[in-house]
Amino acid sequence: MSGESIVIVGAGHAGGCAAAALRSAGFAGRITLIGKEIHLPYERPPLSKGVLSGEADPTTLFLRAEDWYSEAQVDLQLDTHVVEIVPGRKVVVSEDGKTFSYDKLLLTTGARARKLTVGGDAGPDIIYLRGIDDTFLLRGRLTEERKIAIIGAGFIGLEIGATATKLGCAVEVFEASAGPMGRVMPKDIGDIVVRLHSARGVHFRFHAEITSIHRQGSGYLIELANGESVEADVVIAGIGAVPNDELAAEAGLAVSDGIIVDEFGRTSDPSIFAAGDVTRHYNPLLKRQIRLEAWQNAQNQANAVANVMAGRAVPFAEVPWLWTDQFDMNLQIAGHPMDWDRLIWRGDPDEGHAIAFQLVDGIPVGAISINNAREMRFARQLIAKAIPVDPRLLADKSCKLQELCR
Ligand SMILES: Cc1cc2nc3c(=O)[nH]c(=O)nc-3n(C[C@H](O)[C@H](O)[C@H](O)COP(=O)(O)OP(=O)(O)OC[C@H]3O[C@@H](n4cnc5c(N)ncnc54)[C@H](O)[C@@H]3O)c2cc1C
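Residues numbered from 1 in each chain as written. Predicted model: local features only at pLDDT ≥ 70, side-chain atom pairs only at ≥ 80, totals over all residues.

1. What about the overall build of the chain?
Turning to step 1, where the next piece is worked out: When its secondary structure is counted, the chain shows eleven helices and 25 strands.
Turning to step 2, where the next piece is worked out: Against the globule reference of 22 Å for 406 residues, the chain gives a C-alpha radius of gyration of 22 Å, in line with a compact fold.
Turning to step 3, where the next piece is worked out: The C-alpha extent of the chain, read off along each of the three principal axes, is 60 × 60 × 35 Å.
Turning to step 4, where the next piece is worked out: The burial tally for the chain puts 42% of its 406 residues in the buried class. (Helix = DSSP H or I, 4+ residues; strand = E, 2+ residues; numbered from the N terminus. Rg over C-alpha atoms; globule rule 2.2 N^0.38 Å. Buried ≥ 20, exposed ≤ 12 C-beta atoms within 10 Å, placed from the backbone.)

2. A look at the sheet that holds strand β17 (residues 259-261)
Turning to step 1, where the next piece is worked out: The three strands lie next to each other as β17-β19-β20, forming an open sheet whose pairing is mixed. If you trace the sheet from one side to the other, it starts and ends with β17 and β20 (288-290), each paired once. Adjacent strand axes in the sheet meet at a mean angle of 25° when their direction is disregarded.
Turning to step 2, where the next piece is worked out: Sheet analysis places β17 next to strand β19 (residues 279-283), joined by three bridges and oriented parallel. If you follow I259 over to β19, its bridge partner there is T279. (Pairing = 2+ DSSP bridges. Axes fitted to C-alpha atoms, helices over the stretch in contact; angles between N-to-C directions.)

3. Some remarks on the site of the ligand
Turning to step 1, where the next piece is worked out: Close contacts around the ligand come from 37 residues, with G10, G12, A14, G110 and G276 the closest.
Turning to step 2, where the next piece is worked out: When contributions to the shell around the ligand are tallied by element, the ones reaching two or more residues are α1 (13-24), α8 (295-309) and β21 (321-326).
Turning to step 3, where the next piece is worked out: By residue class, the composition of the shell around the ligand is 17 nonpolar, 14 polar and six charged.
Turning to step 4, where the next piece is worked out: Viewed by domain, the shell around the ligand spans two of them, domain 1 (5-112 + 241-309) and domain 2 (123-237), each represented by three or more residues. (Near = placed C-beta within 6 Å. Nonpolar A, V, L, I, M, F, W, Y, C, P; charged D, E, K, R; others polar. Domains from an automatic or database assignment.)

4. Quick word on the pairing of strand β3 (residues 74-77)
Turning to step 1, where the next piece is worked out: Covered by surrounding structure in β3 are V74 and L76 only, the residues D75 and Q77 on the alternate face being uncovered.
Turning to step 2, where the next piece is worked out: Relative to β3, strand β2 (residues 30-34) runs parallel, the two sharing four bridges. Pairing of L33 across the sheet is with L76, part of β3.

5. Some words on the packing of α1 against α8
Turning to step 1, where the next piece is worked out: Running from N to C, α1 and α8 point in directions that differ by 35°, and their axes come no closer than 8 Å. The handedness of the crossing between α1 and α8 comes out as right-handed. Mapping the contact onto sequence places H13, A14, C17, A18, A21 and L22 in α1 and W295, A298, Q299, Q301, A302, N303, V305, A306, N307 and M309 in α8.
Turning to step 2, where the next piece is worked out: Taken together, the residues that form the contact of α1 with α8 break down as eleven nonpolar, five polar and no charged. (Left-handed = near helix turned anticlockwise from the far one by under 90°. Contact = placed C-beta atoms within 7 Å.)

6. With respect to the pairing of strand β12 (residues 210-216)
Turning to step 1, where the next piece is worked out: Pairing of β12 with strand β13 (residues 219-224), which is carried by six bridges, proceeds in the antiparallel orientation. Residue pairing across strands places R215 opposite Y220, the latter belonging to β13.
Turning to step 2, where the next piece is worked out: Connecting β12 to the next strand, β13, in antiparallel fashion are two residues, including G217 with a positive phi near 60°.

7. With respect to unusual backbone geometry
Turning to step 1, where the next piece is worked out: Although it is not a glycine, Q73 sits at a positive phi angle of roughly 55°.
Turning to step 2, where the next piece is worked out: As for its position among the elements, Q73 is in the loop between α3 (66-71) and β3.
Turning to step 3, where the next piece is worked out: The class for Q73 is exposed, based on 12 C-beta atoms found within 10 Å.

8. Re the nonpolar core
Turning to step 1, where the next piece is worked out: The biggest cluster of nonpolar side chains holds 64 residues, and the ones touching the most others in it are I148, V235, I236 and A367.
Turning to step 2, where the next piece is worked out: By residue number, the principal contributor to this core is helix α5 (residues 155-166), which donates six residues.
Turning to step 3, where the next piece is worked out: Leaving out residues up to four positions away in the same chain, I148 has contacts with L142, A164, C169, A170, V171, A232, D233, V234 and I236.
Turning to step 4, where the next piece is worked out: V9, A19, A21 and V92 belong to the second largest nonpolar core, which has 49 residues in total. (Core = buried A, V, L, I, M, F, W, Y, C linked by C-beta atoms within 7 Å.)

9. Here we look at the environment of K90
Turning to step 1, where the next piece is worked out: Within the fold, K90 resides in the loop between β4 (82-86) and β5 (91-94).
Turning to step 2, where the next piece is worked out: The exposure class of K90 is partly exposed, given the 18 C-beta atoms found within 10 Å.
Turning to step 3, where the next piece is worked out: Measuring from C-alpha to C-alpha, the distance between K90 and L343 comes to 50 Å, with 253 residues separating the pair along the chain.
Turning to step 4, where the next piece is worked out: The contact partners of K90, leaving out residues within four places of it in the chain, are S101, Y102, D103 and S271.

10. A few points about the domain arrangement of the chain
Turning to step 1, where the next piece is worked out: The assigned domain composition of the chain is domain 1 (5-112 + 241-309), domain 2 (123-237) and domain 3 (337-405).
Turning to step 2, where the next piece is worked out: One C-alpha centre belongs to domain 2, the other to domain 3; they are set 31 Å apart.
Turning to step 3, where the next piece is worked out: Taken residue by residue, the interface counts five residues in domain 2 and eight residues in domain 3.
Turning to step 4, where the next piece is worked out: Split into classes, the residues belonging to the side of domain 2 that touches domain 3 amount to four nonpolar, no polar and one charged.

11. A few points about the sheet that holds strand β25 (residues 363-370)
Turning to step 1, where the next piece is worked out: One open sheet accounts for five strands, arranged β21-β22-β25-β24-β23; its pairing is antiparallel. The open sheet has two free edges, formed respectively by β21 and β23 (342-346), since each of these has just one partner strand. On average, adjacent strands in this sheet sit at an angle of 20° to one another, irrespective of strand direction.
Turning to step 2, where the next piece is worked out: Inspection of the sheet shows β21 paired to strand β22 (residues 329-335) by six bridges, in the antiparallel sense. The residue of β22 that forms the bridge with Q326 is M329.
Turning to step 3, where the next piece is worked out: Sitting on the sheet, helix α9 (residues 373-385) is in contact with β21, β22, β24 (354-360) and β25, with an inclination near 165° to β25.

Given below as structure tokens:
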């Protein structure tokens, strides 16, 4: 083993991937992977889908079996909360006073669920879904015929809504804005998602401003600014995530809603790197900084940054991509457009199988597929190429997307 020491803080998806990628890249020094959860590094997407519904075995979430870490000589320190980085001494300090020294430090501290601030006494009872333990807690509450209030019509809220409905619950979704899935999702797609959920019994309240949530008997009373009040047995909030960037900020690193890194994962300290949900990273394809909360980004950015730390400076440059599964619909979203001037449909969304391309000056900047993962591969290539494409050809299903990529 070489004398160099790499410490990774955050033993989640990105941290677990980075440890493995460091070994694959030939790094022979010491690797310490520190995580505050008690669980082995795991993937989160099934937490709101198969694991929540009981269809998937939670053990399938783990990136690797426990033996792998000892075999790969990765010193896994679970249940260990890092509370300080001391860049001058190149050490991190845990809550229980242990210190870990590094030559290079990788921060993969991820994000946490944003907390709802409303009046009333029910705040501590509101359920948020970020980790395995949250899923088990929620699973126990989703029993048949219970009234479930979900605050926030983002991906996680909608996935929980779909799962709870399948389990026989009555679901009501409260969303402050006019439609689901945020400001940058085309309205057409939002409408399709609302129709899908409504047809299965989910009830939506848009423009819903919640003023307070009170405990009432064994359940809750949700009060709205318009004077209405709604009863529920369980209240869940899915109102976004906040990057765990405080450690970095307190250590003097550049932070702005995420740790600022370049395409190599380098922070403003030459010995400290970061990857995953916690980063606001420069994307060379988009030519701007972005922060993503997505499985592909956690895995591939971590792999790329681990290679940089092991001495192979390959930039992380990918078209952002994520997916969501709601009932029998798989939505995939590629690109990161802030805006677009045309939306071109390829296929009929009402037939349940289509792609919508977002164009700016004829150049595809984003694509959203509905049950069409196969063509999404090529849609991502088209976005990466960033050249104008004839919209008629994009819409023409007899014209293969792979031909347009050439
Ligand atoms: C319910 C759910 C469903 C999702 N579904 C999808 C999906 O369908 N498609 C998709 O593309 N993406 C999905 N995602 C997003 C994806 O899972 C995340 O982007 C990914 O987990 C980010 O990985 P990460 O390693 O950056 O952060 P995390 O996986 O959150 O890991 C960070 C780890 O760091 C630990 N940590 C934080 N601070 C400290 C500290 N000071 N000391 C020690 N440890 C610390 C945390 O406890 C955590 O274990 C989903 C996320 C959730 C929560």
